[in-house]
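Tertiary structure, described
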Amino acid sequence: MAINIGDKAPDFTLVTKGAEGPELVKLSDLVGKSNLVLLFVPMAFTGVCTTEFCDISKGISAYEDLDAKVLGISGDNPFAQEAWAQKEGITIPLLSDYEHDVAKAYGVAYDQFLPDANLIMGGVAKRSAFVVDKEGIVRYAEVQDHPKNLPDFDKVQEALKGLG
């Protein structure tokens, strides 16, 4: 089921690789503290995903200035995500949706085969962006069907500006 603007963001608990080892991150624990930007990507160590998260990491102050916390979500395990972050200088928190449950809850999981891209992507997340306000309501949603297409980050920031 697709998530639409105005919907309550589905809660989740995912693992991230923290300084002391694996840590659990629960969306409902973050709601109310800041606005959230959830960025789903298909896979670590791929060109477009690396470019996206490196660009976001370099420009993170623009999101912080808009009172937003950015979270990256992929189906990779947290140890692969940590290796990817260290290799590429990715500084945003990376959350492991290893079972693809969150991608399914947000309606962004790929079907088995993408004929247009000639790829097998079954279950992994489509490249997507969601803005969730401090009340836990989705205020922006963008889902890309082709894995090489990036979200419109100008529109993501416009949505954040509108939250005041």
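Check the entry above for the structure.
Quick summary incoming for the structure in this document. Predicted model only: the values in this text are computed from it and were never measured.

A few words on the packing of aromatic side chains. Applying the stated criterion to the full structure yields 6 aromatic pairs. Considering the side-chain rings of Phe45 and Trp84, the 6.4 Å spacing of their centres and the 45 degrees angle between planes classify their relative orientation as tilted. Here Trp84 lies in helix H4 (residues 78-88) and Phe45 lies in the loop between strand E3 (35-40) and helix H2 (47-58), a separation of 39 residues in the sequence. According to the relative accessible area criterion, Phe45 is partly exposed, its value standing at 43%. Classification of Trp84 by relative accessible area gives buried; the value is 0%. Aromatic ring contacts, followed pair by pair, group Phe12, Phe40, Tyr106 and Phe130 into a single cluster.

Where strand E1 (residues 13-18) and strand E2 (residues 21-26) come together, 6 bridges link them in antiparallel fashion. In the sheet register, Val15 faces E2, and the bridge partner there is Leu24. Linking E1 to E2, which pair antiparallel, is a turn of 2 residues.

What follows concerns the nonpolar core. By size, the foremost hydrophobic cluster in this structure holds 25 residues, and its most contacted members are Val37, Tyr63 and Val156. Put simply, the parts of the chain that give this core at least two residues each are E3, H2, helix H3 (60-64), strand E4 (68-74), H4, strand E8 (128-132) and helix H6 (153-161). With residues near it in sequence (within four places) discarded, Tyr63 still touches Val37, Ile56, Ala68, Val70, Phe153, Val156, Gln157 and Leu160. Grouped together as the second largest cluster of nonpolar side chains are 21 residues, Leu95, Tyr106, Phe130 and Val132 included.

Our next topic: the pattern of salt bridges. All told, the structure shown has 5 salt bridges when counted by the stated rule. The partner of Arg127 in a salt bridge is Glu52, and the shortest N-O contact between them spans 2.8 Å. Of this pair, Arg127 sits in the loop between strand E7 (119-120) and E8 while Glu52 sits in helix H2, and the two are 75 residues apart along the sequence. Judged by relative accessible area, Arg127 falls into the buried class, the value being 2%. For the salt bridge of Arg139 with Asp133, the shortest nitrogen-to-oxygen distance reads 2.7 Å. For Arg139, a relative accessible area of 37% gives the class partly exposed.

Rules used throughout
Residues numbered from 1 in each chain as written. Predicted model: local features only at pLDDT ≥ 70, side-chain atom pairs only at ≥ 80, totals over all residues. Heavy atoms only, no water. Phe/Tyr/Trp six-rings, centres within 6.5 Å; stacked < 30°, edge-to-face > 60°. Helix = DSSP H or I, 4+ residues; strand = E, 2+ residues; numbered from the N terminus. Buried < 20%, exposed > 50% of the residue type's maximum accessible area, 1.4 Å probe, protein only. Pairing = 2+ DSSP bridges. Core = buried A, V, L, I, M, F, W, Y, C linked by side-chain atoms within 4.5 Å. Contact = heavy atoms within 4.5 Å. Salt bridge = Lys/Arg side-chain N within 4 Å of Asp/Glu carboxyl O.

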